[in-house]
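Observations on the three-dimensional arrangement
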Amino acid sequence: MKRTIKKIAVVGSGIMGSGIACHFANIGVEVLLLDIVPRELNDKEKAKGLTLEDDVVRNRLVNDALAAALKSKPSPIYHPKFANRITTGNLEDDISKVADVDWIIEVVVERLDIKKVVFENLEKHRTPGTLITSNTSGIPIQFMSEGRSDDFQKHFCGTHFFNPARYLKLFEIIPGPNTSQEVLDFLNGYGEQFLGKTSVVAKDTPAFIGNRIGIFSIMSLFHMVKDMGLTIEEVDKLTGPVIGRPKSATFRTVDVVGLDTLVHVANGIAENCPDDERHELFKLPDFINTMMENKWLGSKTGQGFYKKNVTSDGKKEILSLDLDTLEYRSNKKASFATLEMTKSVDKVIDRFKILVSGKDKAGEFYRKNFAALFAYVSHRIPEITDDLYKIDDAMKAGFGWEHGPFQIWDAIGVEKGIEIMKAEGHEPAAWIHDMIASGSTSFYTVKEGATYYYDIPKKAQTKVPGQDAFIILDNIRKSSEVFKNSGVVVEDLGDGILNVEFQSKMNTIGGDVLAGLNKAIDMAEKDFQGLVVGNQAANFSVGANIGMIFMMAVEQEYDELNMAIKYFQDSMMRMRYSSIPTIVAPHGMTLGGGCEISLHADKVVAAAETYMGLVEFGVGVIPGGGGSKEMALRASDLFKKDDVELNILQDHFLTIGMAKVSTSAYEAYDTNLLQKGKDIVVVNKDRQIATAKSYAKLLAEQGYTQPPRRKDIKVLGKQALGMFLVGTDSMEASNYISEHDQKIANKLGYVMAGGDLSEPTLVTEQYLLDLEREAFLSLCSERKTLERIEHMLKKGKPLRN
C-alpha cells in the first residue's frame, strides 16, 4: 500500500516530544501535540481567577513546553513561522483527534506502566492502519504492545530519535514481535528521505545500538581516566576534533546532556545485560556516585565536570573538576607530543595510525581506548545487529563521530587492531578471525563508487543498502577525477555533469580554487552539459582567504590586490553567464565568498542546515566578490511602483551591514540570499549532490540558454545615499557603531545606491562591480581594517570573507 504522512500526533510534550514535533513541522507535516491536563492551578492562574476547567489551564503544560522548546538555543525549528503547523491539546479533551492522523508517536515518561496506559487509551481512538510508535530509549518494545489488538501490534514499533531531534541524524527503528515488514520498510525510507535521518533498524535489546555502544565508550573512559591519571581536560583534548568527535568531546558532552541521563542509561544496561562480557564497566565509579549525590549533573544544575565561575574582579572563568580531590580548580592546558605529530594531517581518518603508535601517554590512551572499543563492538554482533555498518552508522549519526568503530579499525588495519587488543588483554569475536580466514582484509571496500561491507553470515563483501540515492564523493574521487589542482578536484558525476569539489583548508577560496572553478566551467562548456559546485566536508566554505588579502594590503601591493578581487568578481560572472547550467550545493557554514558563489548560480540546492551570510563587515570590509553588487541587484528586482523602494534597498543593505547569518536554509529566504521559486532546500544532506546533479541535468535537457548580461538594474543614487549617510551618522552619534564601522557602512551605501547619481538610473552589473571593488580596496588600506584582520589571524579564527 502507498502510505503518505500528512499529519502526525506526538503524545508527550517534554524536551524530546516538542523537539520531534518541531522537526516534523520543519518538513511540512501538520502536528497535533498532546500532553496531560494539570491537576492543580499555579499561582498566576489563581491570581487570574481561573479554574481547572478553563482551556488555557487544561493546555498549560503542552503550551509551556512547546514555548520553551521554541525559545531554546539552538532552535528546534527551521523558521519561526513553521511552528504554526503545530496544534496543541490535551489527552482528555483532544485524544479523539488522533483518529485523523497518519502516525502517532508516543514520547511520555520512561515507565512501562504509564506507556501501557497511554497505548490503551490511544487504541480506543486510533484508526486501524495508523502507524503507532514509541520513542523509548531502552524499554523493550515487546512489552509495550502486550494486550493490544493485532492491527495495533502490526503497525507498532520503536522509533528512537536522538536529542536534539533537528540536529542529530540517528533514527533507530526497533521492530516489535509482530511488526509488519511493510511498516519497517516504510519507516526506514521515510526517515532517510523526508526526515533527513540515518535510519538504522536495530534489534530489541537494552539501549538498542547507539546508546549501547556510546554509553560503553563513555563508561570505559570514566574508568580509564582514573587508572591512567588523566585530567578531564586531557581526556577532552584526546577525544574531541582530533579524532573527528564534537568539540564538546567527552566530559563537556556529559555536562550538556546531563550526568543523570547518562547514569540512567548505564544503570539500565547494567541491570538488563548481565551476560555482557564487559558488565563491570557499567558499574559507576566512586567519583560519579559522589557527583550524583551532590547533584553536580552538568549545565542543568550549574556545575558538573566543569563549572562557570566569576572571579572577585568580575571576570568569567570555567573551572574544572579534579577527579582525585573532587574540588574545582582552574583549567589546565593539555598537550601531547603524539597530537603534535597529527597537526599536518588534515584528514581525520589518516591520523589514527599515528595516534596508536604514539610513545607518550596519549599513545597509550588511544591503544587502550580503541582496543576496548574494537573488542566490544565485535562482540555485539549478532546481539544488537547482524550488520557491522549499522553500528558505524549509529555512532556517526547519534553521537557525532566522523568515523564509526569499524571504519577506525580499518584505518589502523584489521591485523594491527587485533595486535593492540591482545596487548591490552582483549580478544575479538570469533567472526573477526573467520573474516580474515575468508580472505577479507578490511571491513569495508569501495567498488564502482559504492561502499561494500563484510557480511558476516555470507563471509563476503556485500553492498551497503540504500546508497543508490546518494553520490559519495569519497568513493568516486579517484576513479572520476578529470582535473585537480591544490584547491579543487573536478569529478565527472556521469550523465554529462561535472562537480567542483573544494579541497583547501576549511574550503577557503583563493586563487587556486577560482582557477579550478574557471577550468571546470571551460571543460563543461566544451565537453559536458552542466556543472555542480559541491562538497561533503563539514562546511561548504568559510569564505575567501583573508590571510592572502592581509599580506597584500600590508605590503601595499594594491595593483595585485585589485587584480585578485577582479579575478574573484570575473569568476562569479563567469558562473552566472556560462553556456551551461551551474548549480551550487551549500551546507553548513556558507559565509562571505562561499555565499557569493551561491548567489551567482543558476540554482542553489541548499542543505536545510545551511548557515549563510555575507559577513565581511566583521573584518572591516564589504563583500568584494560580487556580493554587494548582487544585493543591490536583488533589491532592484523587487522594486515595484506600489512599494517603497528605499525600504527594500535598506533591508538588503542591513543583510550585509549587520552581517546576518541564517540559522537554516529556510531563513536565508528572508534575507533574499536564497530566492523563492528558484532555489530549493533538501533535508537530507547525503542526497544533496545527487539532487544538484539531477537539476543540472534537467536544466540542460530543457534547453539551457546562456542568459544575457543585465543592463536593467535600478539604482536610486543620491536619494538612497542620503538615507544611508543620515542613518550611519545617527548610529555613530548614538554610539551604536564606531567611527570605522560608519566608514564601512558608508562605503557599502555608496555601492548599493549606485554612487551619487542625481536620479534613479538603470545600470549594468559591471558598473556596480567596479564600485564594489573600488570600495573594497579603499577599506583594505585602512589601519583599523588591517588591525581587525591581524587580530583574527592571531586568535586563529577562520579566515573568512
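The present account deals with the structure reproduced in this document. From a predicted model like this one, the values you see are computed outputs, not experimental measurements. (Residues numbered from 1 in each chain as written. Predicted model: local features only at pLDDT ≥ 70, side-chain atom pairs only at ≥ 80, totals over all residues. Heavy atoms only, no water.)

**Considerations on the overall build of the protein**
Spelled out, the test is: The numbering of helices and of strands both runs from the N terminus, where a helix is a DSSP run of H or I of at least 4 residues and a strand a run of E of at least 2. Here the radius of gyration uses the C-alpha set of atoms, whereas the globule reference equals 2.2 Å times the residue count to the power 0.38. Should any heavy atoms of two residues lie within 4.5 Å, those residues are considered in contact.
What the protein contains, in helices and strands, is 33 helices and 25 strands. By the compact-globule yardstick of 28 Å for 801 residues, the protein fits well, its C-alpha radius of gyration being 29 Å. Contacts in the protein between residues at least 24 apart in sequence constitute 70% of all its contacts with a sequence separation of at least 6.

**Comments concerning the nonpolar core**
Short version of the rule: Remark: nonpolar core denotes a set of buried residues (Ala, Val, Leu, Ile, Met, Phe, Trp, Tyr, Cys) joined through side-chain atoms within 4.5 Å. Accessible area is worked out with a 1.4 Å probe on protein chains only. A residue is then buried under 20% of its type maximum, exposed over 50%, and partly exposed in between.
Phe24, Trp103 and Val533 are the most contacted members of the largest nonpolar core, which totals 115 residues. For Phe24, the residues in contact, after removing those within four places along its chain, are Ile8, Val29, Val31, Trp103, Ile105, Phe161, Tyr190 and Leu195. Core analysis: the second largest hydrophobic core is formed by 113 residues, Val118, Phe119, Val200 and Val254 among them.

**Here we look at the packing of aromatic side chains**
Condition: Note on aromatic contacts: the rings of Phe and Tyr and the six-membered ring of Trp form a pair at centre separations within 6.5 Å, being stacked when their planes are under 30 degrees apart, edge-to-face when over 60 apart, and tilted otherwise. Charges are assigned to positions over rings by a cutoff of 6 Å between ring centre and Lys NZ or Arg CZ, combined with an angular limit of 35 degrees from the ring normal.
Following the criterion strictly, the structure yields 36 aromatic pairs and no others. An angle of 70° between the planes, with centres 5.4 Å apart, marks the rings of Phe365 and Tyr366 as edge-to-face. The burial state of Phe365 is the same as that of Tyr366; both residues are buried. Through a chain of ring-to-ring contacts, three or more aromatic side chains come together here, namely Phe352, Phe365, Tyr366, Phe370, Phe374, Phe406, Trp409, Trp431, Phe443 and Tyr454. Cation over ring: Arg3 sits above Phe186, and NZ or CZ is 5.9 Å from the ring centre. Positioned above the aromatic ring of Tyr306, the side-chain terminus of Arg252 is 3.9 Å from the ring centre.

**A word on the packing of helix H18 (residues 405-412) against helix H19 (residues 414-423)**
What counts here: Axis definition: a line fitted to C-alpha atoms, limited for helices to the stretch in contact. Angles are taken between N-to-C directions and run from 0 to 180 degrees. An angle below 35 degrees is treated as roughly parallel, one above 145 as roughly antiparallel, one from 65 to 115 as roughly perpendicular, and anything else as oblique. Under this grouping Gly is polar, as are all residues other than the nonpolar Ala, Val, Leu, Ile, Met, Phe, Trp, Tyr, Cys and Pro and the charged Asp, Glu, Lys and Arg.
At a closest axis distance of 6 Å, the pairing of H18 and H19 adopts a crossing angle of 100°. The orientation of H18 with respect to H19, classified from their angle, is roughly perpendicular. Of the residues in H19, those in contact with Trp409, Asp410 and Ile412 of H18 are Val414, Lys416, Gly417, Ile418, Ile420 and Met421. Residue classes in the contact of H18 with H19 are distributed as six nonpolar, one polar and two charged.

**Details of the sheet that holds strand S16 (residues 488-494)**
Here is the rule we go by: What makes two strands pair is DSSP finding at least two bridges between them.
What the seven strands build is an open sheet, ordered S15-S16-S17-S18-S19-S21-S23; its pairing is mixed. Edge positions in the open sheet fall to strand S15 (481-484) and strand S23 (680-682), since each of these has one partner strand only. Across the sheet, the axes of successive neighbouring strands diverge by a mean angle of 20°, strand direction being ignored. Across two bridges, strand S19 (residues 582-585) lies against strand S21 (residues 603-607) in parallel orientation. From the neighbouring strand, Ile583 faces S21, where its bridge partner is Lys603. Where helix H22 (residues 511-527) meets the sheet, its contacts fall on S15, S16, strand S17 (497-502) and strand S18 (530-534), and the angle it forms with S17 comes to roughly 175°.

**Observations regarding empty space enclosed by the protein**
Gaps between atoms show up when a probe of the same size as a water molecule is rolled over them. Put simply, the rule is: In this analysis, the protein atoms alone were mapped onto a 1 Å grid. Cavities are point sets where a 1.4 Å probe fits without being able to get out; pockets are open sets with protein on both sides within 12 Å along at least five of seven lines; lining residues have an atom within 4 Å of a point. Grid points are joined across faces, edges and corners, and a volume is the space filled by probe spheres set on the points.
Under the definition given, this model contains one cavity of 30 Å³ or more. Its boundaries defined by the atoms lining it, the largest cavity holds a volume of some 40 Å³. Lining the largest cavity are Phe216, Ser217, Ser220, Arg245, Asn369, Ala372, Leu373 and Trp401. Residues of the lining of the largest cavity, tallied by class, amount to four nonpolar, three polar and one charged.

**Some details on the environment of Ala524**
Looking at the element boundaries, Ala524 is found in helix H22. Among the residues examined, Ala524 registers a relative accessible area of 0% and is labelled buried. Here the alpha-carbon distance between Ala524 and Gln702, two residues 178 residues apart in the chain, equals 17 Å. When neighbours within four sequence positions are excluded, Ala524 is seen to be in contact with Leu498, Gln529, Gly530 and Ile580.

**As for the pattern of salt bridges**
Close approach of charged atoms lets side chains of opposite charge pair. Heads up, the condition is: Salt bridges are defined as contacts in which a side-chain nitrogen from Lys or Arg sits within 4 Å of a carboxyl oxygen from Asp or Glu.
Throughout the structure, instances matching the rule amount to 53 salt bridges. For the salt bridge of Asp113 with Arg111, the shortest nitrogen-to-oxygen distance reads 2.6 Å. The class for Asp113 is partly exposed, based on a relative accessible area of 41%. A relative accessible area of 44% means that Arg111 is categorised as partly exposed.

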